[in-house]
Amino acid sequence: MKEVYHSRLDERFWQATASNGLPVCVVAKPGFARACAYLVTRYGSIDTRFTWKGKTYDTPAGVAHYLEHKMFELPDRDVMQEFSALGANPNAFTSYAATAYYFNCTEHFDQCLRLLLTFVGTPYFTQESVERERGIIGQEIRMYEDSADSRVYEDLFAAMYRRHPVREPIAGTEQSIAAITPEILRSCYDAFYHPANMMLCVVGDVDPERVMQLVEEAAFGAPAPPAVRDYGPEEGLRCPTPCTRRQMDVAMPTFQLGFKCPWPGFGPAGARQELIGDLAAEALMGESSRLYLELYRKGLIDSSFAAGYEDMPGVALLSCGGDSRDPEAVRDAVCREAGRMAEEGVDEALFLRLKKSALGRRMRGLDSFDSLCFRLCQAHFDGVDFWAFPDRYAAVTKEEIEAFLRQTVVADRSAISIVLPRQKEGPVC
């Protein structure tokens, strides 16, 4: 394995590619009892349409999440019980663009890593087990449908995009998962769960060479050609539905407000826009901003309010949201303040303070084993050097923040999703 030391970050790591094409990264944390391992595939809920080995697939919403559930099942073995016997805490999650399987442990690391590689590398889909899981996932979907936080976020994406699969909930719907078969699961597994489309990241006081030995011994997966993903035709920057409302059992209205950005693509351009977007959100409506203090003083927002930038293949947006007695007033105030800042400029002292604070948070994040593992995998899939983030922060200028606000935070690019208390009838947007 190749050893690299970053003196500025005081971080040492090793990286290599296994004989089957699996990228492996091990970050040293000497003296820590806990170790963490993430095995991540670049396959998420938005990857519903793709071409692989000359065949085109159009799969139901929710397959990636369904696979996440099914991968923990081995013939005549209980994966969770085996991890528990080793004193480890395993889990998994599916996002719009990736699926991650991971564990944390303080002992028996070798056995835990073998088990992780074994169960993720062993597809096992019987008709009976797939049907059984359908009921479990259906209950999970109904739980999300009863969550105002989930619905307001999903409604925002559906309002902002006409065709992109981000419109669909990550877990799918009860209707979409009814169409999932063992054959569909196996086809998607074969297309996306091969080593070159995945990454293993380990953080802890472990031997990097031993990690590589365990990977090679596991014979995890086999090389395969990449799938060609199809997210539909490029969409314009105008949101098809400027406002959406629904009523639920909530005590106070909650909302999500989004502003469409052009997707910057993978690589350095995407990494740079992420930093610009996050800093713009902080400058405009972060906790130390003039707007945040004004809205808080007027009682239009509370501590639930949060803002940030997000992107995934084909999608990029600046968003904010939380509880509010008047979400439309918050939307109007955000647009007014963005216009003022774009015209008058961002205060230089504020910009430097925000950039220093953001860099500090990112550096403190290196102490979170789980966050570090997943961020390293994300950076690999995005084609950027994760460890170069201090230089990327240093290169961002105040003028870029101002241009981003001027171009992005405008009414024509916005959509707002609102959940109202059931007893209140809201006007039609």
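It is worth spelling out helix H11 (residues 327-344) at this point. Note that an α-helix has 3.6 residues per turn; residues three or four places apart therefore point the same way. Helix length check: H11 (18 residues) gives 26 Å between terminal C-alpha atoms against 26 Å at 1.5 Å per residue, within 8%. When H11 is considered as a whole, its buried residues turn out to be Pro-327, Glu-328, Val-330, Ala-333, Val-334, Cys-335, Glu-337, Ala-338, Met-341 and Ala-342. Summarising the contacts, the buried residues of H11 are in contact with strand E13 (243-248), strand E14 (254-260), helix H9 (268-285), helix H10 (290-297), helix H15 (398-408) and strand E17 (414-421). Positive backbone phi, approximately 95°, marks Gly-345, located one or two places after H11.

This next bit is on the layout of surface pockets. Quantified by volume, the second largest pocket comes out at close to 300 Å³. In this structure, the second largest pocket is lined by 16 residues; those nearest its centre are Glu-234, Glu-235, Trp-263, Gly-314 and Val-315. Class assignment of the residues belonging to the lining of the second largest pocket gives a composition of nine nonpolar, four polar and three charged.

Running from N to C, helix H1 (residues 63-70) and helix H7 (residues 182-192) point in directions that differ by 90°, and their axes come no closer than 10 Å. Viewed along their axes, H1 and H7 adopt a mutual orientation that is roughly perpendicular. Contacts between H1 and H7 involve Val-63, Tyr-66, Leu-67 and Lys-70 on the former and, on the latter, Ile-184, Leu-185, Cys-188 and Tyr-189. For the contact of H1 with H7, the class distribution of residues is seven nonpolar, no polar and one charged.

Here the focus is the sheet that holds strand E4 (residues 35-41). Pairing in this open sheet of seven strands is mixed, and the strands run E1-E2-E3-E11-E4-E10-E9 from one edge to the other. Single-partner strands in this sheet number two, and they are strand E1 (2-6) and strand E9 (89-94). In this sheet, neighbouring strand axes are inclined to one another by 15° on average, regardless of whether the strands run parallel or antiparallel. Relative to strand E11 (residues 198-204), E4 runs antiparallel, the two being bridged by six bridges. The residue of E11 that forms the bridge with Leu-39 is Leu-200. Sheet strands touched by helix H3 (residues 109-120): E4, strand E10 (99-105) and E11. Its angle to E10, the strand with the most contacts, is close to 160°.

Cut-off values and rules
- Here the residue numbers are simple positions, counted from 1 along each chain's written sequence.
- Only residues with pLDDT of 70 or above have their local features reported here, since the model is predicted, and side-chain atom pairs are shown and tallied only from 80 upward, although totals for entire chains, interfaces and linings are computed over all residues.
- Hydrogens are left out, water is left out, and the side-chain values use all remaining heavy atoms of the structure.
- The way it works is that DSSP assigns letters per residue, a run of H or I at least four long becomes a helix, a run of E at least two long becomes a strand, and they are numbered from the N terminus.
- Residue count minus one, scaled by 1.5 Å, sets the expected span of a helix.
- The buried label goes to any residue with under 20% of its type's maximum accessible area, the exposed label to any with over 50%, and the partly exposed label to all in between, with areas taken from a 1.4 Å probe on protein chains only.
- For this analysis, residues touch if any pair of their heavy atoms sits within 4.5 Å.
- For cavity detection a 1 Å grid was placed over the protein atoms alone, and a set of points counts as a cavity when a 1.4 Å probe fits there but cannot get out; an open set counts as a pocket when protein lies on both sides within 12 Å along at least five of seven lines, with lining residues being those that have an atom within 4 Å of a point.
- Grid points are joined across faces, edges and corners, and a volume is the space filled by probe spheres set on the points.
- By the convention adopted, Pro, Cys, Tyr, Trp, Phe, Met, Ile, Leu, Val and Ala count as nonpolar, Lys, Arg, Asp and Glu as charged, and the other residues, Gly among them, as polar.
- Here an angle of 0 to 180 degrees is reported between the N-to-C directions of two axes, which are lines fitted to C-alpha atoms, with helices fitted over the stretch in contact.
- Put simply, angles under 35 degrees are roughly parallel, angles over 145 are roughly antiparallel, angles from 65 to 115 are roughly perpendicular, and the rest are oblique.
- When DSSP finds two or more bridges between two strands, those strands count as paired.

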